[in-house]
Amino acid sequence: MTQVSSRNTVSVGRVLVHLLPAVLLFALFAAVGILHVTSRVLVVDMGYRLSKAESEGRSLTRENDRLKLELATLKAPARLEKLAREQLGMMMPPGSAVMSLEPELPGVRRKGKGEARKPAGLRVAERENAR
Amino acid sequence: MRDLKAARVPETNTRWLRLRVMLMGGLFLGLLAVAFGRAVYLQVYEQDKLRELAQDQYVRQIDIPARRGDIFDRRGTPLAQSVEVDSIWADPSMLQDVRKAARALAKALKLGAQDAEELQARLQRGKRFAWVKRQAKPQEVEAVKALSLAGMGFTKEPKRFYPQRELAAQVMGVVGTDGRGLEGLELAFNDELSGQNSSLSGFRDAKGRKLLMQGTLDPIEREGASVTLTLDRHLQYVAEKALVRAVEESKAVAGTVVVLDPKTGELLALANAPGFNPNTPGSAQQEALRNRAALDAFEPGSTTKAFVIAAALEEKALKPEDVFFCENGAWRIGRYTINDTHSYAWLSAKGILQVSSNICAAKVGQVLGRERLVAYYHAFGFAERTGLSLPGEGKGIIPFPKAEVALATQSFGQGMTATAVQIAAGYGALANEGVLMRPYLVSKVVDPDGVVLLENRPVEVRRVVSSKVARQVVGMLESVVAKEGTAPKAAMQEYRVAGKTGTAEKADPVARGYSDKRIASFVGVVPADNPRAVILVVVDEPKTDVYGGLVAAPAFKEIATAAMAHLAVPSSRTISPEVAVAPVAPPVAAKAPLTPKPTPERPTVAVQEGEGSGTVRVPDVQGQVGREAVVKLLASALEPQLLGSGRVVSQTPAAGVLVDKGARVTLELATRP
């Protein structure tokens with residue numbers, strides 16, 4: 001009996017050992033399969049999100065374009081002039097009303113020392129007084 | 001087991017069995033090989049074709065229309081933009097009652113009777129697809145959605161908008177419903193502006209949702225190039241306004257304004273009247289779509305006299321002090337009589353231009369000779385296309401004047417044709433010290449990814465006359481706007497103006513002669529001492545008055561005034577400071593120059609040639625309007641620097657401080673809260 005049982009246990013172990021590669025292989029295949037399916041699901045999901053984001057991007061671009069157009073329309077000179085004339089009582093300046101000054105060129109320092117003569121703090125005080 | 005043992009016994013049987021096994025094995029192997037071969041064939045050789053077939057069944061191409069590029073003015077203000085708007089379509093097979101649906105749609109879209117009929121016909125004709133309204137307004141889309149009809153669809157289509165409306169409409173041109181340029185720059189740069197239509201491949205699932213599998217394209221890739229023009233929106237606006245007024249006041253049929261920078265050849269404005277709104281090009285008359293300024297050649301009239309005089313001076317055929325006999329107003333050449341509007345006896349070159357004598361101009365032409373006259377006209381850029389990159393640009397004709405009378409008439413601008421841009425460019429050459437610059441309208445075409453497809457820079461075409469002659473002629477032209485000249489209405493207070501009027505007779509194509517219709521024009525150069533702009537105003541068939549000095553010159557002045565202010569051109573005449581140079585004894589304030597509290601009420605002090613001659617006292621400009629403050633500082637030989645706008649809230653250095661002449665005074669300005 002003992003002989004039989006020991007032979008039996010040995011045989012079960014042996015069977016298991018024999019089956020192990022098959023089990024591992026199966027597990028491997030299953031894992032790969034699950035991974036593949038998961039990745040496919042993720043890709044599809046990503047595809048949906050992508051198309052959603054793309055259409056959202058397009059609608060935002062469209063909205064942006066529309067707003068830019070509206071801004072340009074509102075700033076059209078004909079409209080501005082009408083508003084300035086009718087609501088604000090303004091007019092086109094006659095030639096004498098426009099004074100042109102030398103352009104301010106960056107990096108070109110003039111000889112004028114006027115600014116240097118004053119301490120900076122005074123300007124602030126002056127401004128406060130003026131208000 | 002026993003069977004097997006039994007079967008093993010006969011030797012022949014075993015051999016037969018082995019053969020059978022091998023045969024079967026071979027058969028199966030063969031079949032396997034065939035299957036494998038087939039698989040290889042399908043997977044390797046037929047792969048592309050089969051994939052296409054499969055994709056046809058489940059992959060959808062999602063078309064993405066390209067976004068048409070924008071058109072900007074020189075300062076980046078958009079003149080033409082594209083926006084995607086809804087287009088409404090219908091699937092007629094899903095409509096229960098086409099006629100009823102058509103009626104409901106027509107009502108929702110507020111269509112006229114004829115349009116409604118057309119809509120119904122479209123719906124009845126189409127099986128699965130029919131446009132209801134392309135590029136509909138948002139309200140119309142809402143109205144159609146409110147009908148909740150089955151089988152309605154909405155797609156996005158790009159539509160061209162012109163936010164500045166009529167501004168430079170003829171230059172821009174027109175775009176058709178399908179997004180193709182039909183006129184003007186839209187046509188000339190259609191390829192660059194259109195961009196690439198692209199499509200994405202993706203799946204469409206059972207619910208009709210989009211499923212992208214490849215990632216999206218960079219939106220930059222499907223955008224058209226943007227075109228930047230040399231036009232200045234403000235000048236264009238001012239020019240159009242002045243032109244429309246001139247055309248209306250003189251009851252003329254049309255008009256043109258060209259504003260050109262003589263030093264670079266850039267076209268700052270190109271205005272045409274009558275105008276149209278390019279947002280609704282269908283309502284415009286075909287005539288209004290024409291960009292006359294660049295396309296139409298006409299007989300320019302007396303404005304060309306300046307070129308004849310310049311040529312004669314350059315060729316030394318004429319000296320500035322030479323005088324010509326003007327035949328007292330009528331001169332017979334063969335069968336023809338040439339007339340002046342007033343009779344003159346003897347005129348110098350300057351006088352010829354000032355009073356615009358046809359007879360004397362003809363005599364100058366005779367002195368110059370046929371060949372040289374034509375050669376100089378060509379040198380000034382006439383009879384050749386300026387290359388504005390506008391389709392159908394006019395060229396003008398300078399026929400060789402065989403007859404004596406043709407030589408005479410061509411000397412005062414009849415019997416030849418030119419476009420407005422050519423005339424302006426010719427005057428640009430005179431204003432630019434005799435060097436003709438190529439006029440251009442498009443400064444840049446840039447791809448959205450920053451690649452410059454086209455860039456125009458100032459190009460010298462040729463030196464036409466010496467700078468001395470050019471300056472002489474411009475000097476002579478200054479007399480035209482004097483009181484005795486033909487265009488005193490063009491004179492400006494702050495700037496020296498050199499100009500020339502033109503009143504050309506229009507040829508009558510039917511009667512083969514000249515009609516009583518006129519083209520009145522004025523071309524001016526401002527400021528004459530350092531030209532910054534050449535402005536040409538042409539008014540076609542004015543009815544009230546026909547003379548350029550009366551019809552076109554006021555418009556010129558209006559445009560020039562705005563242009564000089566806009567281009568920040570310093571006044572030709574030094575500002576005569578009424579407030580200036582009154583050496584007053586230093587007042588109380590001067591004794592405490594560092595007073596920190598200058599009161600705005602204190603009487604303002606102009607210039608105080610104080611202690612040293614090289615120093616001045618800073619005047620008090622607190623609380624004053626920017627302009628007054630600037631005038632006062634300039635009068636004190638100080639250099640104002642402005643920050644902000646409005647009234648002066650602070651000045652550095654403070655009032656009363658002694659500074660060197662020419663020192664900079666910084667003014668901070670603010671509008672009142």
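Quick note: structure is the one above.
Numbers given for residues are sequential positions, taken from 1 along each chain in its written order. Chain A is the first chain written and ligand 1 is the first ligand written, with later ones labelled in order. With the structure being a predicted model, the display of local features is reserved for residues of pLDDT at least 70 and the display and counting of side-chain atom pairs for 80 or more, all residues being used for whole-chain, interface and lining totals. To get the side-chain values, all heavy atoms of the structure are used, and hydrogens and water are removed first.

Each helix is a run of DSSP H or I of at least 4 residues and each strand a run of E of at least 2, with the numbering of both proceeding from the N terminus. When you go through chain B residue by residue, the secondary structure sums to 22 helices and 28 strands. Whether two residues are in contact is decided by their heavy atoms, any of which lying within 4.5 Å being enough. Sequence-distant contacts, at least 24 apart, represent 69% of the contacts inside chain B between residues at least 6 apart.

Now for the overall build of chain A. Counting its secondary structure elements, chain A contains three helices and zero strands. Beginning at the N terminus, the succession of helices and strands in chain A can be written as α-α-α. Taking all 131 residues of chain A together, the buried fraction comes to 13%. When a residue's accessible area, from a 1.4 Å probe over protein chains only, is under 20% of the maximum for its type it is buried; when over 50% it is exposed; and in between it is partly exposed.

Moving on: the sheet that holds strand β28 (residues 664-670) of chain B. All names here are of chain B. One requirement defines pairing of two strands: DSSP has to find at least two bridges between them. Here three strands make up an open sheet; going across it, the order is β25-β28-β26 and the pairing mixed. Where the open sheet ends on each side, the last strands, each with one partner, are β25 (639-643) and β26 (647-652). Geometrically, the sheet is characterised by an average inter-axis angle of 30° between neighbouring strands, direction not taken into account. Sheet analysis places β26 next to β28, joined by five bridges and oriented antiparallel. By the bridge assignment for β28, valine 648 is matched with leucine 669. Each axis is a line fitted through C-alpha atoms, and for a helix only the stretch in contact is used; angles between axes span 0 to 180 degrees, taken between their N-to-C directions.

We now examine the environment of B:Thr501. Residues and elements named next belong to chain B. Along the polypeptide, threonine 501 turns up in strand β21 (residues 498-508). It is 9.0 Å that separates the C-alpha atoms of threonine 501 and leucine 353, two residues lying 148 residues apart in sequence. Apart from residues no more than four positions distant in its own chain, threonine 501 is found in contact with Ser302, Thr303, Val480, Thr486, Ala487, Ser521, Phe522, Gly548 and Gly549. For this analysis, a polar contact is any N or O atom pair within 3.5 Å, provided that within protein one partner can donate a hydrogen and the other can accept it, and provided that sequence-adjacent residues contribute only side-chain to side-chain pairs. In this structure the side chain of threonine 501 is engaged in a polar contact, spanning 3.0 Å, whose partner is the side chain of threonine 486.

Residue and element names in this part refer to chain B. On the surface, a nonpolar cluster with roughly 550 Å² of combined accessible area is contributed by Phe36, Val40, Tyr41, Val44 and Tyr45. Within the secondary structure, phenylalanine 36 is located in helix α2 (residues 11-45). According to the relative accessible area criterion, phenylalanine 36 is exposed, its value standing at 59%. Note that patches include only residues with greater than 30% relative accessible area and no salt bridge, and the join distances are 9 Å for like charges and 5 Å for nonpolar side chains (Val, Leu, Ile, Met, Phe, Trp, Tyr). Where accessible areas are quoted, they stem from the Shrake-Rupley method and a 1.4 Å probe; at the residue level, only the protein chains shown are allowed to cover. Criterion for a salt bridge: a side-chain nitrogen of Lys or Arg within 4 Å of a carboxyl oxygen of Asp or Glu.

Keep in mind these values describe shape, not function.
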